Each structure stands twice: as structure tokens, then as C-alpha cells.
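Architecture and fold: a report
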Amino acid sequence: MFLSQEDFATVVRSTPLISIDLIVENERGEFLLGQRTNRPAQGYWFVPGGRVQKDERLERAFERLTLAELGLSLPMTAGQFYGIWQHFYDDNFSGTDFSTHYVVLGFCLKVNQADLNLPDSQHDAYRWLTADALLASDNVHDNSRAYFLADRQAEVTER
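Residues numbered from 1 in each chain as written. Predicted model: local features only at pLDDT ≥ 70, side-chain atom pairs only at ≥ 80, totals over all residues. Heavy atoms only, no water.

**Let's talk about the UniProt feature "short sequence motif: Nudix box" (unreviewed entry) in the protein**
In this numbering, the UniProt entry assigns the feature "short sequence motif: Nudix box" (unreviewed entry) to residues 50–71. The straight-line gap between the two end C-alpha atoms of residues 50–71 is 14 Å; of that span, 59% is helix and 9% is strand. (UniProt positions renumbered as here; feature names shortened; annotations may be inferred. Helix = DSSP H or I, 4+ residues; strand = E, 2+ residues; numbered from the N terminus.)

Spelled out as C-alpha cells, the structure:
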């Protein structure tokens, strides 16, 4: 189900969104990050992922999002559930007049990098980093960085 911009703004302004983030590891032990072109987190390096749509089963959302974000449709059984996070942003898809709140289901995936066909619809660049390099990078968003902190599966706030 697709909403008009106005209806979607009402949803984002009023409720949390549910999303799936993909912590994608290649054969060299590096993790995939894309540089976001849209709000929230515009300009930051972030793990792939996206929203679960109304009336969409999680299994279907996982397949749709792996195809949209990785160019490779994978069943949910290809991933390992990693935990639940909350992401809070001061902005939203349309600007800065209201905040965005996500409840995020994290899934780890191991892939052969050559099998991926990375799209350019929401990211203008991609890179693969080790966990240590990712944690040391200033422009990796804290919400993505949180997946690699051993002591924290917690709420991360951009505020």
C-alpha cells in the first residue's frame, strides 16, 4: 500500500515506523554501508534497509528490501535476527518540521559481494568497512554504528 506524501507525513508525524536494517557482511569480513541521499540521516553512511509496509508480512518485506537495497532477493531465513533498536531523528523525509521515530529489526546477512547489484536510488556511494574501521569513522551514522558496539543494543538518538 502506497500513501500520498500528505498521508505519509501524517503517519510519520504521529506514529513510529517499523523497519528492517540489514547488517551485510562480505566474504572478507567487511560490512556494507551506503551514503544516504535522502532524509533522515541524509549524507551519512548507513547500513541498507527500509520500512515495512502496511499489511506486508515480515518475510515479504525482507525479500522486497533485500532486492531493493542489494539487488538480490533473499528469504528471511538467509538472515539472522540480531535485535530490536529504536532510531530517533529530528527531521523527516520532507524536512525539519517534525521528527521521525523508527522501531528497527536488525538482521545479519553474509553474502558474496560479487552477487550483489547495488542500486543508486537512496545511496550515491557504497563502501565496505571492517567493524573497527566503521566504528572509527566520523561519518558513519550513530544508528548504524550501534550495531557494532558489543555492549549496546540500545536506543541511539541523533538529538
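**Structural notes on the pattern of salt bridges**
Evaluated as defined, the whole model comprises seven salt bridges. Linking Arg28 and Glu27 is a salt bridge whose minimum nitrogen-to-oxygen distance equals 3.5 Å. Glu63 is the salt-bridge partner of Arg60, the closest N and O atoms lying 4.0 Å from each other. Here Arg60 and its partner Glu63 are both found in helix α2 (residues 58–70), three residues apart, which amounts to about one turn of the helix. (Salt bridge = Lys/Arg side-chain N within 4 Å of Asp/Glu carboxyl O.)

**Describing the nonpolar core**
Core analysis: the biggest nonpolar cluster contains 22 residues, and Leu33, Leu134, Val140, Tyr147 and Phe148 have the highest contact counts within it. For this core, the secondary-structure elements that each account for two or more residues are α1 (5–14), β1 (17–25), β2 (31–36), β3 (45–46), β5 (80–89) and β6 (100–110). Among the nonpolar cores identified, the runner-up in size contains 16 residues, and Val24, Leu32, Ala61 and Trp128 belong to it. (Core = buried A, V, L, I, M, F, W, Y, C linked by side-chain atoms within 4.5 Å. Buried < 20%, exposed > 50% of the residue type's maximum accessible area, 1.4 Å probe, protein only.)

**Focus on unusual backbone geometry**
Cis geometry marks the peptide bond from Arg39 to Pro40, where omega comes out at -15°. One can find Pro40 in the loop between β2 and β3. Of note in the backbone geometry, Asp55 takes a positive phi value of approximately 65° without being a glycine. Within the element layout of this structure, Asp55 appears in the loop between β4 (49–51) and α2. According to the relative accessible area criterion, Asp55 is exposed, its value standing at 72%.

**Quick look at the environment of Asp21**
Here Asp21 is to be found in strand β1. When the C-alpha atoms of Asp21 and His87 are compared, they prove to be 11 Å apart, with 66 residues separating the residues in sequence. The residues touching Asp21, leaving out its near neighbours within four places in the chain, are Phe46, Val47, Pro48, Gly49, His87, Val104, Leu105, Gly106, Phe107 and Tyr147. (Contact = heavy atoms within 4.5 Å.)

**A few points about the UniProt feature "binding site: substrate" (unreviewed entry) in the protein**
According to UniProt, the feature "binding site: substrate" (unreviewed entry) maps to Phe2, Leu3, Phe8 and Arg36 in the numbering used here. Summarising the element assignment, Leu3 is placed in the segment before α1. The contacts of Leu3, once residues within four sequence positions are left out, are Phe8 and Val11. Tracing the backbone through its elements, the reader meets Arg36 in strand β2. Judged by relative accessible area, which is 15%, Arg36 ranks as buried. Ignoring any residue separated from it by four or fewer positions in sequence, one finds Arg36 in contact with Ala41, Gln42, Gly43, Tyr44, Phe46, Gln122 and His123.

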